[in-house]
Amino acid sequence: MEKQLPVPTSETQPYWEGCHNHELRIQKCPACGHHQFYPRLYCTDCMSDQVEWVRASGRGTVLSFTIVYRPVTKAFAADVPYVVALVTLDEGPQMMSNIVECEPQQVSIGMPVTVTFEDWSEEISVLKFRPWA
Amino acid sequence: MESLRGKVAIVGAADTDVGVVPQFSTTQMYVNAAKRALEDAGITKNDVDGLITCNSFVEPYMYHAEMIAEYMQIFPRYCLNVATGGGTTLAIMHHAASAIANGVCNTVLITMADNMLSGLSRDLAIEAMSTAGHAQFERPYGPPIPAFYALIAQAHMHAYGTTSEQLAAVAVACRKHASMNPAAQMRDPITIQDVVNSRMIAQPLHLLDCSLVSDGGAAIILTSAERAKDFPHQPVYILGAGEGHSHEHISQAQSLTTSAAKEAGERAYAMAGLGPKDIDVAELYDCFTPVVVIELEDLGFCAKGEGGSFVENGRIELGGELPINTHGGLMSHCHPGHPGSMFSVTEAVFQLRGDCGPRQVKDAEIAFVHAQGGIMSTHCSMILGSGL
């Protein structure tokens, strides 16, 4: 069983193009300076319709995490145990991701992390995080 | 806002058999629950002029409430299908009470059921649950539902020093109560050691920190407080109701350790003119053990961060300061999916009628019922009382 490839929409396409180029893109509102993720039509702070895409630093900290022992589907069975985490980006928004390139037991809340990418197909690369210090 | 306080009462309540119930299809179970609740209320289906259901996962219909009405051949003036996940039951009651108080209809039947155990294979059920989470921004990371709640638990443990043993105390209390409830799916008592030694699912949640997969249904009948006096049982009045809604996806939550249960509870207490100290019994949503700990804090039964120590030493067990989930909860009574919190409502009704036998909370007059849906996303609180 293969992992299901995410299907970009017109709204999320710039994010996935960024991942394809191994960079994290999020939205920024030029009117109020607010950063947001996931992508939206309007700024969630001031409702401006002028939100722009920017390249994020790719750095953040672990807000919380869990080590998964019972995979969600058979497609994830080979990955067990794997870390599902919430990461707070330095720019402010939160994302869910996996923490990779370390032992699951090494992950801790507050740990600094930086982006890394897994190429799942020719078009789709999935953003993950790894320890960064 | 005009208050709903004391304007509406529950006059009928019933559960179907729960646990493993292969003899009924899902739709049959909705109707079985409805028939039992009508009998409990001493009325016929023709007395029902409002019907609210929650769609079934196993046997869904595009117009589910209309389907149940058609199946039963009832012709309501108010017919609604509501879905706020585990919070649905109480959200439905809130809608129904508003409709009755505003004269939209007189007598509302709420029926909910699902066959998550017999209607789907276990693997299919878990597979189906894998569709939880944002398709592009959560699911690629492989979170099973327990992982979403594990993120909450880890954050609470990190912030407040809550321990696995404290979380386990919630499961132990629910099982103790289920052992006194012949209807419950899991009745063999367990210990804290049993919970923390059970298989790790998503750290820090063990198998016994997770709720059940079940078949089951339940129904209630609501009418105006004025009419309620003419029914065979002691009416159970809605004294307070409140909702709070904070997010859809856990990755968008503003806080992992404080939920919108806080707003829901505050709104319900304000309507009822009551506070946490007035509550005799609480039926709290317990899909995973940490949810109860956070609800106890957010609903004001203890201070933020003290939920872990609050659940220790039998305080939440029968005979303790605040008995919770006296039927056994989702942990041990049953969890058929969306209808899960219906059993909290019917149990509260049975407690306030004084009908619970060995698991009766002595002199219970005020019950607090809370349910949440999504991943701590949508919250609804109800304060129910045997008097006005």
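All values reported here derive from a predicted model rather than from experimental measurement. (Residues numbered from 1 in each chain as written. Chains lettered and ligands numbered in written order. Predicted model: local features only at pLDDT ≥ 70, side-chain atom pairs only at ≥ 80, totals over all residues.)

Caption draft 1: A look at the overall build of chain B. Summing up its helical and strand segments, chain B has 13 helices and 11 strands in all. The C-alpha radius of gyration computed for chain B amounts to 19 Å, which stays within 12% of the reference 21 Å derived for 388 residues, consistent with globular compactness. Viewed in the frame of its principal axes, chain B has a C-alpha envelope of about 55 × 45 × 40 Å. When each of the 388 residues of chain B is scored for burial, the buried share is 62%. Partitioning the contacts of chain B with sequence separation of at least 6, the portion at a separation of at least 24 is 77%. (Helix = DSSP H or I, 4+ residues; strand = E, 2+ residues; numbered from the N terminus. Rg over C-alpha atoms; globule rule 2.2 N^0.38 Å. Buried ≥ 20, exposed ≤ 12 C-beta atoms within 10 Å, placed from the backbone. Contact = placed C-beta atoms within 7 Å.)

Caption draft 2: Focus on helix H3 (residues 88–101) of chain B. Residue and element names in this part refer to chain B. Helix length check: H3, at 14 residues, gives a terminal C-alpha distance of 20 Å against a target of 20 Å (1.5 Å per residue), a fit within 8%. Taken across its 14 residues, H3 has 11 buried, putting it largely inside the fold. Within H3 the residues assigned to the buried category are Thr88, Thr89, Leu90, Ala91, Ile92, Met93, His94, Ala96, Ala97, Ala99 and Ile100. Gly103 sits one or two residues past H3 and shows a positive phi near 75°. (Expected span 1.5 Å × (residues − 1).)

Caption draft 3: Representation of the sheet that holds strand E1 (residues 25–28) of chain A within the structure. Residues and elements named next belong to chain A. The 3 strands are arranged E2-E1-E3 in an open sheet whose pairing can be described as antiparallel. Two strands lie at the open edges of the sheet, namely strand E2 (35–36) and strand E3 (52–55), each paired on one side alone. In this sheet, E2 lies alongside E1 in antiparallel orientation, the contact comprising 2 bridges. Bridging from a neighbouring strand, Gln27 pairs with Gln36 of E2. (Pairing = 2+ DSSP bridges.)

Caption draft 4: Main features of the nonpolar core. Residue and element names in this part refer to chain B. Ala37, Ala96, Ile110, Leu151, Leu222, Met382 and Leu384 are the most contacted members of the largest nonpolar core, which totals 165 residues. In terms of residue count, the dominant contributor to this core is helix H5 (residues 145–160) (10 residues). For Leu222, the contacting residues outside a window of four places in its chain are Val8, Ala9, Ile10, Ala96, Ala97, Ile100, Val108 and Ile110. (Core = buried A, V, L, I, M, F, W, Y, C linked by C-beta atoms within 7 Å.)

Caption draft 5: Representation of the confidence of the model for chain B. When pLDDT is averaged along chain B, the result is 96, and 98% of the positions lie at 70 or above. Among the prediction metrics, the complex's ipTM stands at 0.98, with pTM recorded as 0.96. (pLDDT = per-residue confidence, 0-100.)

Caption draft 6: Summary view of unusual backbone geometry. Look at the link from Phe37(A) to Tyr38(A): it is a cis peptide, with omega at 5°. Within the secondary structure, Tyr38(A) sits in the loop between E2 and E3. Between Gln203(B) and Pro204(B) the backbone carries a cis peptide bond, its omega angle lying at 10°. Examined against the element boundaries, Pro204(B) turns out to sit in the loop between strand E5 (200–202) and strand E6 (205–206). In this model, Glu101(A) sits at a positive phi of 60°, which is unusual for a non-glycine residue. Mapped onto the elements, Glu101(A) comes out in the loop between strand E6 (94–98) and strand E7 (112–119). Given 13 C-beta atoms within 10 Å, Glu101(A) falls into the partly exposed group. With phi around 55°, Gln73(B) is a residue other than glycine that occupies positive phi space. Take Gln73(B): it is sitting in the loop between helix H2 (64–72) and strand E3 (78–81).

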